[in-house]
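Working through the structure, step by step
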Amino acid sequence: SYGINFNILPPSNRLIIPDLNVNIPLIDIPAVWEADFENENFEEELTHGAVKYPTTAEPWEHGNTLIFCHSSTEWWKHNEYGFVFRNLPKLKEGQKIQVLWNGQLTTYEMVERKVVKPKEVEDYYLQFQKEGESYLTLMGCYPIWSNAQRIMIVAKKVNTY
């Protein structure tokens, strides 16, 4: 008896949030420096989709994967991904978030939402980095049209069989 396993998933990396009708490219940036959650600028990358923060865990690995995108942007920038995270505050505990990464689909379930100041992002992120589980954190500016705070959605990997 032979088993055939076909992977019919698309080859590109994607972030999928079914309840928010989000299905966008997920941009990978190689880690070539230490993490600096407060001062890095990824404007060019954010015109192509959501961004996986360099130096954070790969999706499906133990640790915490940080993905960020715009919740609002200036109209003259013509960024089709400029408002993708505007509805993050609507996500509720238990709702699913999926990451398609290098041909592997991983599903997460939202467990927490918090609004923090930019200087607090790293400390909040690290709370879930040390848990010995697989977490995903989504981050966007909050409220819309302001970069004074960050909304952070934390989701835990769901075991699928």
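On a predicted model such as this, the values are computed, not experimentally measured, just so you know.

1. Some remarks on the packing of aromatic side chains
A complete count under the given rule lists 6 aromatic pairs for this structure. Measuring from ring centre to ring centre gives 5.6 Å for Phe-42 and Tyr-53, while their planes differ by 75°; the resulting arrangement is edge-to-face. In this pair, Phe-42 sits in the loop between strand S2 (22-28) and strand S3 (50-52) while Tyr-53 sits in the loop between S3 and strand S4 (63-68), placing the two residues 11 residues apart along the sequence. For the residue pair Phe-42 and Tyr-53, the accessibility class agrees, reading buried in each case. Taken together, Phe-42, Tyr-53 and Phe-68 form an aromatic cluster joined through their ring pairs.

2. Considering the sheet that holds strand S7 (residues 134-142)
If you walk around this closed barrel you meet the 8 strands as S1-S2-S3-S4-S7-S8-S6-S5, and the pairing is mixed. Within the sheet, the average angular offset between the axes of one strand and its neighbour, ignoring direction, is 30°. The pairing of S7 with strand S8 (residues 149-157) spans 8 bridges and is classified as antiparallel. The partner of Tyr-142 across the bridge, within S8, is Gln-149. Sitting on the sheet, helix H1 (residues 121-129) is in contact with S4, strand S6 (104-116), S7 and S8, with an inclination near 140° to S4.

What counts as what
Residues numbered from 1 in each chain as written. Predicted model: local features only at pLDDT ≥ 70, side-chain atom pairs only at ≥ 80, totals over all residues. Heavy atoms only, no water. Phe/Tyr/Trp six-rings, centres within 6.5 Å; stacked < 30°, edge-to-face > 60°. Helix = DSSP H or I, 4+ residues; strand = E, 2+ residues; numbered from the N terminus. Buried < 20%, exposed > 50% of the residue type's maximum accessible area, 1.4 Å probe, protein only. Pairing = 2+ DSSP bridges. Axes fitted to C-alpha atoms, helices over the stretch in contact; angles between N-to-C directions. Contact = heavy atoms within 4.5 Å.

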